[in-house]
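Architecture and fold: a report
Residue strings, one per chain:
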Protein chains: 2
Amino acid sequence: MTKWVHTFGRGGAEGRAEMRNLLGGKGAGLAEMCTLGLPVPPGFTISTEVCTWFYENGKTYPPDLEDQVATGLKSIERALGARFGDADNPLLVSVRSGARVSMPGMMDTVLNLGLNDNSVEGLSRRSGDERFAYDSYRRFIQMYGQVVLGIEHHQFEDLIENHKLDTGLTLDTELSAEDWKIIVNGFKDVVLQERGHPFPQQPREQLWGAIGAVLGSWMNPRAVTYRRLHEIPADWGTAVNVQAMVFGNMGQDCATGVAFTRDPSTGKNELYGEFLVNAQGEDVVAGIRTPQHLTIAGKEANKSTLPAMEEVMPAVLQELRRVRQVLEDHYRDMQDIEFTVQRGKLWMLQTRSGKRTAQAALKIAVSLVEEGVIDRQEAVRRIEPASLDQLLHPTLDPRAKTTILTRGLPASPGAASGKVVFSAEEAESLAAHGEAVILARVETSPEDIHGMHAAKGILTTRGGMTSHAAVVARGMGRPCVAGAGDLHIDYTTRKMTARATHITAGEVITIDGSTGEVMLGEVPTIQPKLSGDFATLMGWADGLRRMKVRANAETPLDARTARRFGAEGIGLCRTEHMFFEADRIGPIRRVIMADDERGRRAGLAELLPMQRQDFAELFRIMRGLPVTIRLLDPPFHEFLPKTDAEFEEMARLTERSVAQVRQRAHALIETNPMLGHRGCRLGITYPEIYEMQAMAIFEAAVLVTKENGAGVEPEIMLPLIATKKELDILKAMIDRVGKSVMEHAGVTVPYLVGTMIELPRAALRAEEIAATADFFSFGTNDLTQTVFGLSRDDAASFLGAYQRLGIFERDPFVTLDPAGVGELVRIAVERGRAARPGLKLGICGEHGGDPASIRFCQEVGLDYVSCSPYRVPIARLAVAQAALAGECQDATA
Amino acid sequence: MTKWVHTFGRGGAEGRAEMRNLLGGKGAGLAEMCTLGLPVPPGFTISTEVCTWFYENGKTYPPDLEDQVATGLKSIERALGARFGDADNPLLVSVRSGARVSMPGMMDTVLNLGLNDNSVEGLSRRSGDERFAYDSYRRFIQMYGQVVLGIEHHQFEDLIENHKLDTGLTLDTELSAEDWKIIVNGFKDVVLQERGHPFPQQPREQLWGAIGAVLGSWMNPRAVTYRRLHEIPADWGTAVNVQAMVFGNMGQDCATGVAFTRDPSTGKNELYGEFLVNAQGEDVVAGIRTPQHLTIAGKEANKSTLPAMEEVMPAVLQELRRVRQVLEDHYRDMQDIEFTVQRGKLWMLQTRSGKRTAQAALKIAVSLVEEGVIDRQEAVRRIEPASLDQLLHPTLDPRAKTTILTRGLPASPGAASGKVVFSAEEAESLAAHGEAVILARVETSPEDIHGMHAAKGILTTRGGMTSHAAVVARGMGRPCVAGAGDLHIDYTTRKMTARATHITAGEVITIDGSTGEVMLGEVPTIQPKLSGDFATLMGWADGLRRMKVRANAETPLDARTARRFGAEGIGLCRTEHMFFEADRIGPIRRVIMADDERGRRAGLAELLPMQRQDFAELFRIMRGLPVTIRLLDPPFHEFLPKTDAEFEEMARLTERSVAQVRQRAHALIETNPMLGHRGCRLGITYPEIYEMQAMAIFEAAVLVTKENGAGVEPEIMLPLIATKKELDILKAMIDRVGKSVMEHAGVTVPYLVGTMIELPRAALRAEEIAATADFFSFGTNDLTQTVFGLSRDDAASFLGAYQRLGIFERDPFVTLDPAGVGELVRIAVERGRAARPGLKLGICGEHGGDPASIRFCQEVGLDYVSCSPYRVPIARLAVAQAALAGECQDATA
């Protein structure tokens, strides 16, 4: 027989903290507190398996559940000496949901259950407070009516308001027992009228109604949405907790409150919380009365004028401090607790691991290690890697009022305010005058990079989390909101419009790249501070990991940022980004306009010294660390102008007619540029381009080796390889150039030649490709595009629907799809290592900075991940956690 | 010790016909003829392995080759009693290349080798003809000078011309022995002057020079090009044949000639050939003298006035007929032979399987079966499937003179002439007036289909063998030349230009889609005739195959053509093609412009009856055969207008402003439409579209089932599936619609729901997808695009270079890439069948009509291939051959 019901109470419980999946967070916490001997009102938990059964069997219950619930009720009655529906000593219970993870406010609760026309008298007698009893009864009917019977809130509220009008009273507290009796009768009439049958007087019927309502609320729309947003599977289900009521609203010696065992904002090792005298839990939530602080220190720190619990209920606070110690010693973590004080006695209603800011999380983890409570591995395990973003970017001041214009995707974290501009040129020129600007574009292209750099933040109306704007912004550490589809930008009128609101160029807006919000006007931000705890914890993390963390970087600024954040090399230097600088775009355009190889070589000769300098600078900054340089990847047309003026300029520079330039530009248009004449295909058809780049790399390597004696480790990477032959041809050319440069200089530089694995064919043919390649770097952005046949620039129009319908559990451009893309990675790893056991393996797609994807990388045995400089700390931590998870698996395997 | 040299001669040979890979075609044929006891001048063959060694070892020879060649020479000397360089009875030899397959005229030959100042006198004495001897000597120096020493042709020819001027003679035949002696001396001076050393007098030195030159000619540019065009691997190498000379130019009882054992044009069972009296082989090739026919019948049939061999050398002809019989009995196939008659004696110089027209090939194969020489399987094996194209399409009259304007890709076979037009509209309106038109476009789009249909042929300047134009043209059976990159089309001036030649709209051009040629003016064509042999052979083929052959067809015309050509169902009906008809484009545009589902449903309601009728018609035509219908696949923007006038029309039709229409069109532009919002993604985001299509299919199926009682087998196919969930959602919808339509009609129609496998992810997840899918159809066009990351519309700019460099052995859009795309197909087949053993598997990409790809389909165990209607016969034959090849493999395995 399945055990569906688990009791808890004085002297112990059938459940344990570890049974969280079965009992939900609340149920497991209550059981554990009972076992610890803490004061918890007795009750029982109906397991999450009942919820699963309920939905799998047409909303019915397991056959033996009714008996088990009856037995559970008996045990509560026995513990309290009370009886369900009793006129003398009635048992009253609360019925609450409780899922595996907290879903605050998403599901339903019924309090004071067990009251009826009979037992309300019993409550009145036992409490000696008739007004309290009838107030409780009317609260019950009201809550039950709404939650279980689906009667609208206002139906009840109107009745109270009418009664107040009739009697000339205005506040709830002015209503007497008699008033509440009248209202109770009125409420019962509402139920009869609305539902066609009287309010249920049988406590058992009430109980089953409430259980059904709580289970039903698991599928209410707001819970479904919450789960989708927080990636909580529907089949986890919720437990139902039935627990004896305790009352914080029976008088001045009663109270209700919430507390954290440490400060959730700073992590300081101090009890932190608030309470209300003579109140029920909902009153705290309703926010009508101002809560009081628990400690005098808390009261003073928050400049409160209300007395602290330490002053008015010192014995209770003493007891609370004892409970805090018991819980922290037991759970070895900061707890978030709820309690009620009934007639001077403390009752615990909940304990769970407390939510905290990133800064507090670091402080608490480091403190717990110092206190000897947890070890370093545990500390590393406890920090959510993504939360570190909060520490690295400015955040909006949470106290500020905001007017939200629209929402897009949270594409690059941080907040920024500035004058909105609609072109990279405007962004640059305003920024040059010291203005803060936000660059708003339909979408961005490599030509906008200078403007993106000049801007404080970037906003686009098209494109997803891995659109050009998003990727570049994350790389630069600029906040970015991408794909704000409701927003229409009109470049001609220099206006943007979201529904009825028009914003003209020059108006100030604020974007929050952590939430995707776009706000009107300037919203104050808080600058991040990196604490000593950060360095301590990252140090521990670094000691635990096997995989290296590199950065995707091409500018000296990026490279320095990456090193500062602890990158152990550059995993991806996109050389084409170097071609967009003002002094480079001319020569590269001459290359594109050339009629023959000779003409191309002339343009390339101009680029050679610049590229050499670029690489030398990177080698200097990354001294002692490997630098992976990818040769030219994008198709030619990305370097072409867009406006008429630019076309004229290009014609002048390349000594061609505008018509010729336009004709060439037209010839370069591709139907699917992502699948077009790019990557190593350029290197094959125009070998002189890659030859120039190889020469610049080797010359720079020789130069810096001469300066420093050693420490230069270039890894030359070829993009878009689909066949071994492409790699053979290009590697032969690179080796030839390298030999010639090094012989000429009399210096030997160790170097590697490897390939991106970003096409399904390359993954499948990894064994033969590895015969030539020294390393593989998985370009999982393009691999995701080709495996799914999904353009990341075009996916926005249906990605939302796909996630809503559960077709994609996660955006595959954010978290690597393990079943499809991952299988190809796995195949490539196996086949590549079969041919070359020491093959170096890394990942340089955007997934390299995503913790879930990093776990996958650890599992398949990559040597390093590479990500945007600003994600390096996140990756370091995630890699350490992945290593720890791997060890656990190994240990249990 | 490796045997590099294989001798042959009177009484037998060391080689055999089966050793063709080692000895080349010529060497193997000579050896075999010796073994058959036919008269062959003795000689030896240096194997193709020497060629491979030569190129793998820096153009050097295997160490033991010299000895083996010497031994070979000895055996010739022994057989003839002659000696190399002898002044009395000199041995003269020819040195000829001979690869595994014939490469006519591509490589070099040296005749009369062994002549020097000494042996020329011997030849003179033995032949009794001094003039002949010195003529032979000068021919040798001239040929050797060109081929071995690299001296230009004109250097020698000038000298002859000068001598003629000096002596007042005009014809070669007028020159005496003395004249030739003077010229021989002059030639020797040319050699000394040009090369700095005298003409080699040592026959052994001459021989090694000639062997080196023949091997070297394997890599000359024209041979390399020929191999690329004919897909001959470079590592096959050539053999070198050294053979005693026989002379057809020693007098009137001498001759040289070529013959086919049957008529190569018609296949008629008659000796067919030509000869020249007193001539060497080159004279036939040079075409200066008119050759005579062998038989009186041949002479009469060709209205020749010159006497036949039957008349002038009846004994020789008798002998030739005997040889013919021996060869046909032995080879059991029509042979192409070369012979020389020296002083009345017939000598055989070559035999090989003869080239023939498709018609002749059919006739010969069927005759040989009737004659009991070969069996049906052998007959089926002997027809090159691609050659059937000649029978199905008009061909250019080979006698016509042509002026070639430019060349493109031979994208759809057949020839057509007509007035050139540059828009679909023009094509339609001219065609409506009965004009033949050729539609020339930069590239075509679905909107051009009506114009393509109206045109006699299609010409594009961009795109490859699987571009839109090529695919549609093949489907329609229209000739098409695609990607003629030298041609520039200017829509504004309605002109096209190839280098200096301008063609204005309305001028007549001719295109040959079998060769890719574009010609000025009208070139007469020959209409195809399908012979009884065709039906006979196709019947035999059908009896041998397991895989079915279906057609890709959506119009009634296509479907009828397909059935006429023997298609066993429709493998791909692209429903979107039905939306481009004049009466459909309005409603589909209303769907696209709609603001909400309700608006879309209104447009769809108009389309429903039309689609129903389309499907009903197809079901009627294909009665009793399965019809696979693919639901809407292309992205919305393919249905949008292009010109201003069309935008205005669309605005009017959809009751929107032009600005609104343009805005919507702009919003629908995608960066990579191939990877965008298309396929099942449309069905997921706009379920009402697929719902309408499903309803039309079921209603049509019900209708035709009621008409006929049964015989309707719809197979509904979902495009671009990447995840099981997509298929689950859409199949549920289709099943629901089907149930409702069938219940309402009271008729049950058996149907299947399946999916295209055209994305790598679908192939990898085939096991879970097969849990829902009734069938898989491999869309290898898109699968090739995604596996390679290669857009078929954009590949033209580098595909040429990729083939030249050997990166792609074949265009992967023409022949399925077995190593990459093929591996995914194999994975999908295995995984799909693991989940659902009876899973129906087919292919509907362009590869379905390509014989090499069909072999792959047979190997992996597909159930059917589907191709353009006009390729159905080719596919039927190729499938039968693949089945035969599979049986052979099974037998040897």
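Refer to the structure presented above.
Residues numbered from 1 in each chain as written. Chains lettered and ligands numbered in written order. Predicted model: local features only at pLDDT ≥ 70, side-chain atom pairs only at ≥ 80, totals over all residues. Heavy atoms only, no water.

Side note on the overall build of chain A
Note the following rule: Only DSSP runs of H or I with at least four residues qualify as helices, and only runs of E with at least two residues qualify as strands; both kinds are numbered from the N terminus onward. Exposure is judged per residue with a 1.4 Å probe applied to protein chains only, and the accessible area is read against the type maximum: over 50% gives exposed, under 20% gives buried, and values in between give partly exposed. By definition, residues are in contact when any of their heavy atoms lie within 4.5 Å. With residues, only the protein chains shown are counted as cover, and all accessible areas are computed by Shrake-Rupley using a 1.4 Å probe. Neither His nor the chain termini are counted; the positive set is Lys and Arg, and the negative set is Asp and Glu. Where a charge sits is defined by one atom per residue type, namely NZ (Lys), CZ (Arg), CG (Asp) or CD (Glu).
Along its length, chain A carries 35 helices and 34 strands. Here chain A holds 893 residues, and 59% of them are scored as buried. Here the analysis covers contacts within chain A between residues at least 6 apart in sequence; of these, 67% occur between residues at least 24 apart. Carbon and sulfur atoms make up 50% of the accessible area of chain A, which amounts to about 34,900 Å² in all. Of the charged side chains in chain A, 99 are positive and 116 negative; the average position of the first set lies 3 Å away from that of the second.

Observations regarding the interface of chain A and chain B
Using the following cut-off: Buried surface area refers to the total accessible area, computed with a probe of radius 1.4 Å, that the two partners give up upon joining, counted for both partners together. Any Lys or Arg side-chain nitrogen located within 4 Å of an Asp or Glu carboxyl oxygen qualifies as a salt bridge. Here a polar contact is taken to be a pair of N or O atoms separated by no more than 3.5 Å, where protein atoms must pair a possible hydrogen donor with a possible acceptor and residues adjacent in sequence count only if both atoms sit in side chains. By the convention adopted, Pro, Cys, Tyr, Trp, Phe, Met, Ile, Leu, Val and Ala count as nonpolar, Lys, Arg, Asp and Glu as charged, and the other residues, Gly among them, as polar.
With 53 residues of chain A in contact, the opposing surface of chain B contributes 52 residues. In total, about 4,300 Å² of surface goes out of reach between chain A and chain B, with carbon and sulfur atoms giving 56% of it. Taken together, chain A and chain B are joined by four salt bridges. A salt bridge links Asp817(A) to Arg761(B), with the shortest nitrogen-to-oxygen separation between them at 2.8 Å. The tally of links between chain A and chain B comes to 29 residue pairs in polar contact (both at pLDDT 80 or more). Per-class residue counts for the side of chain A that touches chain B are 24 nonpolar, 16 polar and 13 charged.

Details of the relation of the copies chain A and chain B
Inclusion rule: When the copies are superposed, the least-squares fit draws on C-alpha atoms of residues that have pLDDT of at least 70 in both.
For the pair chain A and chain B, the best superposition has an RMSD of 0.4 Å and corresponds to a rotation of 180 degrees with a translation of 0.3 Å parallel to the axis. In short, the pair behaves as if placed about a two-fold rotation axis. An overlap of 98% is found between the interface residues of chain A and their copies at the interface of chain B, pointing to a shared contact surface.

Some details on the pairing of strand β30 (residues 713-718) of chain A
All names here are of chain A. Counted only if it meets this: Whether two strands pair comes down to DSSP finding at least two bridges between them. Handedness of a crossover is defined as follows: with both strands directed away from the viewer, a clockwise route from the first strand across the helix to the second makes it right-handed.
The buried fraction of β30 amounts to five of the six residues, a majority that puts the element mostly inside the structure. Pairing of strand β29 (residues 626-630) with β30 involves five bridges; the strand directions are parallel. By the bridge assignment, Arg630 is partnered in β30 with Met717. Since β30 and strand β31 (residues 752-757) lie parallel, the crossover through helix α28 (residues 724-745) that links them has a hand, and here it is right-handed.

Re the packing of aromatic side chains
All names here are of chain A. What counts, and what does not: Each aromatic pair joins two rings of Phe, Tyr and Trp (for Trp, the six-membered one) with centres within 6.5 Å, and gets the label stacked for planes under 30 degrees apart, edge-to-face for over 60, and tilted for any other angle.
For the coordinates displayed, the defined rule picks out 36 aromatic pairs over all chains. Judged by centre distance (5.6 Å) and plane angle (65 degrees), the rings of Phe140 and Tyr144 are edge-to-face. Of this pair, Phe140 and Tyr144 both sit in helix α5 (residues 130-147), four residues apart, which is roughly one turn of that helix. The class for Tyr144 is buried, based on a relative accessible area of 2%.

Examining the nonpolar core
Defined as follows: Here the nonpolar core consists of buried residues drawn from Ala, Val, Leu, Ile, Met, Phe, Trp, Tyr and Cys, with membership extended through side-chain atoms lying within 4.5 Å.
Judged by nonpolar contacts, the single largest core of 236 residues is most densely connected at Phe619(A), Phe776(A), Phe778(A), Phe619(B), Phe776(B) and Phe778(B). Setting aside chain neighbours within four positions, we find Phe776(B) in contact with Thr755(B), Ile757(B), Ala766(B), Ile769(B), Ala770(B), Ala828(B), Gly832(B), Leu839(B), Lys840(B), Leu841(B) and Gly842(B).

What about helix α23 (residues 597-621) of chain A?
Convention followed: By definition here, a helix of n residues has an expected span of 1.5 Å times n minus one. What is called the bend at a residue is the angle between a pair of axes, fitted to the seven residues leading up to and ending at it and to the seven starting from it.
For α23(A), with 25 residues, the first-to-last C-alpha span of 34 Å sits near the 36 Å given by 1.5 Å per residue. In α23(A), a bend of some 35 degrees at Leu607(A) exceeds every other bend along the element, and Pro609(A), a proline, comes one to four places later.

As for the packing of helix α27 (residues 687-708) of chain B against helix α28 (residues 724-745) of chain B
How two helices sit against one another is set out by the angle between their axes and by the gap between those axes. All names here are of chain B. The line we're drawing: A fitted line through C-alpha atoms serves as each axis, taken over the contacting stretch for helices, and the angle formed by two N-to-C directions is quoted from 0 to 180°. A clockwise turn of the near helix away from the far one marks a right-handed crossing, whereas an anticlockwise turn of less than a right angle marks a left-handed crossing.
Where α27 meets α28, the closest approach of the two axes is 9 Å, and the angle between their N-to-C directions is 35 degrees. Classified by chirality, the crossing of α28 by α27 is right-handed. Contacts between α27 and α28 involve Pro687, Tyr690, Glu691, Ala694, Met695, Phe698, Glu699, Val702 and Lys706 from the first element and Leu730, Met733, Ile734, Arg736, Val737, Gly738, Val741, Met742 and Ala745 from the second.

With respect to the environment of Phe776(A)
The topology assignment puts Phe776(A) in strand β32 (residues 775-778). Considered as a pair, Phe776(A) and Met717(A) are 59 residues apart in the sequence and their alpha carbons are 8.5 Å apart.

Things to note about the pattern of salt bridges
Pairs can form between side chains of opposite charge whenever their charged atoms are close. Counting across every chain of the model gives 120 salt bridges over all chains. Between Glu649(A) and Arg652(A) there is a salt bridge whose closest N-O contact spans 3.3 Å. On the criterion of helical spacing, the pair formed by Glu649(A) and Arg652(A) is a turn pair, its members being three residues apart in helix α24 (residues 644-654). Using a relative accessible area of 56% as the deciding quantity, one classes Arg652(A) as exposed. For Glu371(B), the salt bridge goes to Arg262(B), with nearest N and O atoms at 2.7 Å.

Describing the sheet that holds strand β22 (residues 495-498) of chain A
All names here are of chain A. In spatial order, the strands read β21-β22-β23; together these three strands make up an open sheet with antiparallel pairing. In this open sheet, the two edge strands, each paired with only one partner strand, are β21 (487-490) and β23 (501-504). On average, each strand axis in the sheet is tilted by 20 degrees relative to the strand beside it, whichever way the strands run. Where β22 and β23 come together, four bridges link them in antiparallel fashion. Residue Thr497 lies in a different strand from β23, and its bridge partner there is His502.

Considerations on empty space enclosed by the protein
Residue and element names in this part refer to chain B. For clarity, the threshold we go by: Grid points spaced at 1 Å over the protein atoms alone were grouped into cavities, where a 1.4 Å probe fits but cannot get out, and pockets, open sets with protein on both sides within 12 Å along at least five of seven lines, with lining residues defined by an atom within 4 Å of a point. Grid points are joined across faces, edges and corners, and a volume is the space filled by probe spheres set on the points.
Summed over the entire model, instances satisfying the criterion amount to four cavities of 30 Å³ or more. In terms of lining, the largest cavity is formed by Asp389, His393, Ser412, Pro413, Arg474, Tyr870 and Arg871. Looking at the lining of the largest cavity, its residues break down into two nonpolar, two polar and three charged.

Brief notes about the sheet that holds strand β2 (residues 12-13) of chain B
Strands pair in a sheet through their backbones, by hydrogen bonds, and they do so in one of two ways: parallel or antiparallel. Residues and elements named next belong to chain B. The strand order β2-β1-β3-β8-β6-β7 describes an open sheet built from six strands, whose pairing is antiparallel. Both edges of this open sheet fall to β2 and β7 (109-113), since each of them pairs with a single strand only. Judged from the seven bridges that link them, strand β6 (residues 93-99) and strand β8 (residues 238-244) form a sheet pairing that is antiparallel. Paired with Val95 across the bridge in β8 is Val242.

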